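# Architecture at a glance
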Amino acid sequence: MQEFNITQTYLKFLEEDSEMTMPIAAIEALVTMLKVKNPKTSAEMIKSTKLAIEELTTSIPNSISLRAGCDIFMRFVLKNTHLYGDWENCQQHLIENGHLFVSRAKQSRDRIAEIGIDFISDDDIILVHGFSRAVFSLLSHAAEKLIRFRCIVTESRPSGQGLQLYHLLKKKGIPVTMIVDNAVGTIIHKVNKIFVGAEGVAESGGIINLVGTYSIGVLAKNARKPFYVVSESHKFVRMFPLSSDDIPMERDPLDFSKNGIEDDEEPLSGPSVDFTSQEYITALITDLGGLTPSAVSEELIKMWYD
Amino acid sequence: MTGGAKEASGKETNTEKTANAQEGEKPLSNKELKELKKKEKAAKRAASKQASGISIEKQQQQAAAKREKKQQQRDLLAAKKNKAADPVKHDTKKSTLFGHLETAEERRASLLAVSSAITSTGTSRITANGLVLPLLATTPAVAVSQPMSASPLSSNLSGSNTNLAGLAHSEDFEAHQMLNSLSLDESSSFVPGISSVIPNTMTSQFTNQQSIASVKELIANREMLHPAITSLTLDYAFYKIIGSIPRCIAMLEAFQLVVRDYKTPEGTTLSRNLTSYLSHQIDFLKKSRPLSVTMGNAIRWLKQEISLIDPSTPDSKAKKELCDKIAQFARERVQLADQLIIETASQHIEEGSTILTYGCSKVLTDLFLHNAINFGKNFQIVIVDSRPLFEGRKMAESLRNQGLNVLYVPITALGTVFNMDIKYVFLGAHSILSNGFLYSRVGTAQIAMLASRRNIPVLVCCESLKFSQRVQLDSVTSNELADPNDLVTIDSANPVQRRNNNGFLLQQFIKEREAQQKEVENSSKQNNKSGSANTNNATADEGKNVKDKPILAEWEKSPNLHIFNIMYDLTPPDYIKKIITEFGSLPPSSVPVVLREYKASA
Amino acid sequence: MSDINVVIDSFIDRLKRKQVIGSYQASLETLQILMRYVSAIRWTSTDELIVQIKKFGNNLEKAQPYEYSCGNVVRRVLSMIRDEIEEEQSSAEPMISSMFNLLQKPMTDTKTRKIQDNKLDVRQTIVQSIRDLIDEIKNIDEGIQQIAIELIHDREILLTPTPDSKTVLRFLLKARERNNRNFTVLVTEGFPNNTTVAHEFAKKLSEHDIETIVIPDSAVFALMSRVGKVIIGAKTVFTNGGTISSTAGVSSVCECAREFKTPVFAVAGLYKLSPLYPFDVEKMVEIGGSQNVLPTTENDRVGTVALETINPIADYIPPENIDIYITNIGGFAPSFIYRVVWDNYKQEDVNLGEKI
């Protein structure tokens, strides 16, 4: 316990609980950090939180989602110390209720499922890209409510998330088929609606998600199919990327330096996430209700300027 | 106004030609009158040449015209009392939006001016009872057999008159009395001349110099008109024959009769004279409605064929050849073309699919029937329809009667209908312009747009005969205005039927007179709202007339109220996936290519 | 108590028979009856009161599911009551965003609210707030006109596919009268259900010296290139910014406008905003009888099977085809409607039939 490492704590949380999302893990890690460091003044608490957040975001390659959690945490700490002056109380509360946050996060998924069920109706064919717990919980909830719908799952290469979702849905008894990612354009006309998850929801209401989401969004708009994002509200993040280029990437997505001389080199490069801007999104299904993309901005503004 | 009329009546030597022109001048402003007077002098000179051969009939007609003039002066005086701003009104009545288009009134006015003059020749006897004119039935036009149309003149042109007679005797006695009361001082005031048959609003529509000139010319040459053409013109004018292909076929059939009956005058040859003779017929046809593109293309072809005839060919042989060629043209360009189109388009009619179409297209009706009956395909057809023509109903009926699965919806239901799983949208065409735009029944563009926004392929079935060299960018610049009164009545009955049942012209006439009388009685009642309610009650006992007294019944009187009833609109090529012609399936961009390639055959 | 039930039942019957015409009428009557209802009923706690009002609203909604304004005003009143209660209890953290819930202290006060002694007082406040609401609804035109008139310029050509909207009519008359601008109004006929209304509308406008052109529904596309703005009257506005109009054909008109990039503005009183989300558009569009589409003679014809037909009497316009909503409290983009909705309604009242 001496050498506290925020990154490892964070990774441990993720590993231990497969149900845990990145922002929640980040919050949990920060709570643990407070527990260990046990700062004596409010300034110390803020400082150590800031440092931990910086360490965490720099050390994790795909930091968008966890950044959302850090944002909320930081804001909460700041607000309580500045506004109410009861930082001790706040720290106490945070440390004591670590598990509560986790269960709340899971609850918010249930809430999403309840809200989102209205978006699914009988005879729907739903296209799902990537694996998102929120999407899955919504779909399984709908299936439990005896809504008869069918799913098309993209393979979601290279992460292979599609296969994971495919098996889960199959287990749930939902009729499902899997297609290669490139086939989306061909089958989009047969689809009634599209559900995707999100790693982070940006200020504009656009989303950062598994690569391929953007292409599907464009295809959906072209085919005038509703494109729904299913995401917990704690994934809202104060970022405003204009395009996928603005997202922090672990490496240059287009790597021309590999000249392919060695055979064993992985030829596949390219980004692992992309940004889908709000004009492609019909609505966001969150625990706060079905939101239009513009409502995301409001939530974020409220959080920072209240 | 009256000064102009007096002056005109002083000119004894005028033929009925100028008299007719006078009809047109009546409602003009003084400024325009001066211009017209100049014209009149020129016309007088021209007329004096003809004057030597004035027949008794014509003299009678002159007399009739004079009497009419008096009648009109009376009317005008009465009108002046009530609405001094009458000529001004007609200037402002045209909306800025579509003021450039020839209104249905103008067209009908000129048509009626001509046709009444034609039919009244030789029969311009004045009967005791004014408008009761049974002898119209024996006009030369009707006496000639009408092989191509089941309903000859008596039911449409003179329809107004015969109906009038019928009404006068029975149901509409009141109106009849009213009519008589208007002509108290002269027992024989109602002659089948112009002003007695055409309501004032129509004659007053002669504001266009060109239309006056063309009417004059047509009346001058009225002997040259073939009865088949007059009959056909009226069928067009009353929307009895609609659709560009049926109109074209009917015209070609009429031309066959014209050619058959044609006799080359002495001193000229068939190949030289027939063309101008036909042009006369066509000028008259144009008075009913603007020529359709198909008709224009057919006429161009026919004229070319005539010019190719060797002058040495004996007339009888040439005429026979020409008739055969016309028949062949109709068969090749329409019937065979339709077969080919149906063959190609059938691949898009899939088992279990839903297909949306608009209005009524002959080739599409055949296509659907062919697929359902001959191929036994099972599919649903959504027929979208619109006011006021309700053409879709005809198509819906004929498909329904053959047991097809038809859903009939008004155009306002599109939002709901497009929520259904529609596979294709099939559209008919009036014409396809060389910039790829589809010129078709108004409403088509809206449907094509909605469909293409939903990624539903829009397919147009169209004979290449409908391809036009013309280019046009938007629907308002060049279009055909239909009768605004078609939109006044709010029921779902077809205006064509409505008109046939009730003697439309007569009603308008009566309405007008009635209104004038009412104005005399109490001009104050005009403006308040209860006035319209009162008229509704007042006319309640007139049975069918009640339907024609809806809210907008007196829209012509309100300077701010317009009714816009166009026939066609333009669909941009972006909305059209493919055009199926007898040459196969083409993108809209290939229309000019076809026009170039096949110009020789067109 | 029985007295009020009679009144409610008769109102419900009239709703069912569609004798209450227009959402303006429906909302006013609902409020008036609700006012009497509140005065008549007894309750021991505000929770109970809310339950009773919810039930009342639910009954009205069930009576006429397409008349959203009844439910809307009931929800508005509920929201006012809830605000009142909250104020009284001066809740601890009113300003923290819902997103923050995640880190908030666990809620402790789930116990039922105390029975209130000052019941009369509550009753008074509720009745007063209903009165205010009635006043607001009666005065919506003024607010709308103030904003909307500024959106029209001289010699503009306007198109309206909803001649049945009184708000649109009064607004146009006002615009002509107040700043003496000349403009032309195109009116679509809305065949088959609204043609009479359209003609009356056109006549009325023309009598007020506004150049009016009646056009058939099919000519919309042909004329859209000439139109400066499209004005529609909304019957119900949903949280997503979509709207239900009381005439069929409006959605295609708005889509045409979108295609031509012609601005579409919708006028709607605040009471027309509904906290519902249009999940299933097909269920929200009312379908009428076929007698208007086909003349009866053709329908009854012997020997042929009657034609199948659909006659929707309303239309759903998605938010992307509307540029702005003009309400009595201001102009809003469709994407912002959700906010206005949640300012006036409470999430827990969305479903009136649900148990608390």
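The structure presented is a predicted model; accordingly, all values stated were derived computationally and were not measured.

### Remarks on the domain arrangement of chain C
All names here are of chain C. Domain parsing of chain C yields domain 1 (1-89 + 120-136) and domain 2 (140-343). Here the C-alpha centre of domain 2 lies 28 Å away from the C-alpha centre of domain 1. Contact residues are listed per partner, giving 14 residues for domain 1 and 17 residues for domain 2. A buried area of about 1300 Å², summed over both sides, lies between domain 1 and domain 2, and 52% of it is on carbon and sulfur atoms. Among the residues domain 1 hides against domain 2, the three largest losses belong to Tyr-66, Tyr-68 and Glu-136. Together they make up 45% of the total. For the pair domain 1 and domain 2, the interface holds 1 salt bridge.

### A word on the sheet that holds strand E9 (residues 315-317) of chain C
All names here are of chain C. Pairing in this open sheet of 3 strands is antiparallel, and the strands run E5-E6-E9 from one edge to the other. Two strands close off the open sheet at either side, each with one partner strand: strand E5 (236-237) and E9. Here 3 bridges tie strand E6 (residues 243-245) to E9, and the two strands are oriented antiparallel to one another. Bridge pairing in E9 links Ser-245 to Asp-315. Where helix H10 (residues 250-259) meets the sheet, its contacts fall on E6 and E9, and the angle it forms with E9 comes to roughly 30 degrees.

### Some points on helix H8 (residues 195-207) of chain C
With 13 residues, H8(C) should reach 18 Å at 1.5 Å per residue; the first-to-last C-alpha distance of 18 Å fits that figure. Buried within H8(C) are the following residues: Thr195(C), Ala198(C), His199(C), Phe201(C), Ala202(C), Leu205(C) and Ser206(C). Here the buried residues of H8(C) occupy an arc of 160 degrees about the axis, which is enough to place them on one side. Where H8(C) is buried, its residues touch strand E8 (561-563) of chain B together with strand E1 (156-160), helix H7 (166-178), strand E2 (183-188) and strand E3 (211-215) of chain C.

### Brief notes about the side chain of Ser431(B)
All names here are of chain B. The topology assignment puts Ser-431 in strand E5 (residues 431-432). A polar contact is formed between the side chain of Ser-431 and the backbone oxygen of Lys-466, at a distance of 3.3 Å. Apart from the residues lying within four places of it in its own chain, the contact partners of Ser-431 are Val-293, Phe-437, Leu-438, Tyr-439, Lys-466 and Ser-468.

### Things to note about helix H5 (residues 87-96) of chain A
Looking only at H5(A), the buried set comprises Trp87(A), Cys90(A), Gln91(A), His93(A) and Leu94(A). With its buried residues spanning 165 degrees around the axis, H5(A) presents them on a single face.

### Brief notes about the packing of aromatic side chains
Residues and elements named next belong to chain B. Following the criterion strictly, the structure yields 19 aromatic pairs over all chains and no others. Consider the rings of Phe-368 and Phe-379, whose centres lie 6.2 Å apart with planes at 55 degrees: the pair is tilted. In this pair, Phe-368 is assigned in helix H18 (residues 362-374) and Phe-379 in the loop between H18 and strand E2 (380-385), connecting sequence segments 11 residues apart. Accessibility assignment for this pair places Phe-368 and Phe-379 in one class, buried. Ring centres of Tyr-424 and Phe-426 lie 6.4 Å apart, and the angle between their planes is 65 degrees; this geometry places the pair in the edge-to-face category.

### Thoughts on the interface of chain C and chain B
Often, the extent of an interface is quoted as the loss of accessible area on bringing the components together. Across the contact, 58 residues belong to chain C and 60 residues belong to chain B. Of the roughly 5000 Å² buried between chain C and chain B, counting both surfaces, carbon and sulfur atoms make up 60%. When the area that chain C buries against chain B is broken down by residue, the three leading residues are Phe191(C), Ser218(C) and Phe221(C), summing to 13%. Inspection of the chain C/chain B interface yields 5 salt bridges.

### Section: the pairing of strand E4 (residues 229-233) of chain C
Residues and elements named next belong to chain C. Buried residues dominate E4, accounting for 5 of its 5 residues. The side-chain alternation of E4 yields two buried faces, one formed by Lys-229, Ile-231 and Gly-233 and the other by Val-230 and Ile-232. With 2 bridges connecting them, E1 and E4 associate as parallel partners. Following the sheet pairing, Leu-159 is matched in E4 by Val-230. Taken together, the 4 bridges between E4 and strand E7 (residues 264-267) define a ladder with parallel strand orientation.

### As for the environment of Tyr316(C)
Residue and element names in this part refer to chain C. With respect to the element layout, Tyr-316 can be found in strand E9. According to the relative accessible area criterion, Tyr-316 is buried, its value standing at 13%. When the C-alpha atoms of Tyr-316 and Val-237 are compared, they prove to be 9.8 Å apart, with 79 residues separating the residues in sequence. Side chain to side chain, Tyr-316 and Asn-240 meet in a polar contact 3.1 Å long.

### So, the domain arrangement of chain B
All names here are of chain B. For chain B, the domain assignment lists domain 1 (208-333) and domain 2 (345-483 + 568-598). Here domain 1 and domain 2 have C-alpha centroids that lie 30 Å from each other. Listed per partner, the contact involves 14 residues of domain 1 and 16 residues of domain 2. Both sides of the domain 1 and domain 2 interface together cover about 1400 Å² of buried area, and 57% of this is carbon and sulfur. Three residues stand out in domain 1 for area buried against domain 2, namely Ile-242, Val-293 and Arg-333, and they jointly supply 39% of the buried area on that side. Arg-289 is the salt-bridge partner of Glu-480, the closest N and O atoms lying 2.7 Å from each other. Here domain 1 is connected to domain 2 by 5 residue pairs in polar contact (both at pLDDT 80 or more). A per-element tally of the side of domain 1 that touches domain 2 places helix H14 (residues 244-261) first, with 4 residues. Taken together, the residues of the side of domain 1 that touches domain 2 break down into 7 nonpolar, 4 polar and 3 charged.

### Some remarks on the environment of Asp122(A)
All names here are of chain A. With respect to the helices, strands and loops of the structure, Asp-122 is situated in the loop between helix H6 (98-116) and strand E1 (125-129). Separated by 89 residues in the primary sequence, Asp-122 and Met-33 have C-alpha atoms spaced 47 Å apart. Contacts of Asp-122, omitting those with residues within four sequence positions, involve Leu-146, Ile-147 and Arg-148. A polar side-chain atom of Asp-122 sits 2.8 Å from the main-chain amide nitrogen of Arg-148.

### A look at the packing of helix H1 (residues 6-16) of chain A against helix H2 (residues 22-37) of chain A
All names here are of chain A. Interhelical geometry of H1 versus H2 gives an angle of 130 degrees and a closest axis separation of 8 Å. On the basis of the axis angle, H1 is oblique to H2. The two elements H1 and H2 cross, and the hand of that crossing is right-handed. For the pair formed by H1 and H2, the contact residues are Ile-6, Thr-9, Tyr-10, Phe-13 and Leu-14 on the first element and Met-22, Ala-25, Ala-26, Glu-28, Ala-29, Leu-30, Thr-32 and Met-33 on the second.

### Overview of the sheet that holds E8(B)
Overall, mixed pairing links the 8 strands, which are arranged E8(B)-E3(C)-E2(C)-E1(C)-E4(C)-E7(C)-E10(C)-E11(C) in an open sheet. Looking along the sheet, the strands with just one partner apiece sit at the ends: E8 of chain B together with strand E11 (330-332) of chain C. In this sheet, adjacent strand axes meet at a mean angle of 25 degrees when their direction is disregarded. Contacts between helix H6 (residues 140-148) of chain C and the sheet are confined to E7, strand E10 (324-327) and E11 of chain C, with E10(C) contributing the most and set at about 135 degrees to the helix.

### Notes on the packing of helix H15 (residues 270-288) of chain B against helix H16 (residues 293-308) of chain B
Residues and elements named next belong to chain B. Direction vectors running N to C along H15 and H16 enclose 160 degrees, while the axes themselves pass 9 Å from each other. Taken together, the axis directions place H15 and H16 in an arrangement best described as roughly antiparallel. Taken together, the residues of H16 that come into contact with H15 (itself represented by Leu-270, Ser-271, Leu-274, Thr-275, Leu-278, Ser-279 and Ile-282) are Ile-299, Leu-302, Lys-303 and Ile-306.

The rules behind the values
Residues numbered from 1 in each chain as written. Chains lettered and ligands numbered in written order. Predicted model: local features only at pLDDT ≥ 70, side-chain atom pairs only at ≥ 80, totals over all residues. Heavy atoms only, no water. Domains from an automatic or database assignment. Contact = heavy atoms within 4.5 Å. Buried area = accessible area lost by both parts, 1.4 Å probe. Salt bridge = Lys/Arg side-chain N within 4 Å of Asp/Glu carboxyl O. Pairing = 2+ DSSP bridges. Helix = DSSP H or I, 4+ residues; strand = E, 2+ residues; numbered from the N terminus. Axes fitted to C-alpha atoms, helices over the stretch in contact; angles between N-to-C directions. Expected span 1.5 Å × (residues − 1). Buried < 20%, exposed > 50% of the residue type's maximum accessible area, 1.4 Å probe, protein only. Arc of directions from axis to C-beta. Polar contact = N/O pair within 3.5 Å; in protein donor to acceptor, adjacent residues only side chain to side chain. Phe/Tyr/Trp six-rings, centres within 6.5 Å; stacked < 30°, edge-to-face > 60°. Nonpolar A, V, L, I, M, F, W, Y, C, P; charged D, E, K, R; others polar. Parallel < 35°, antiparallel > 145°, perpendicular 65-115°, else oblique. Left-handed = near helix turned anticlockwise from the far one by under 90°.

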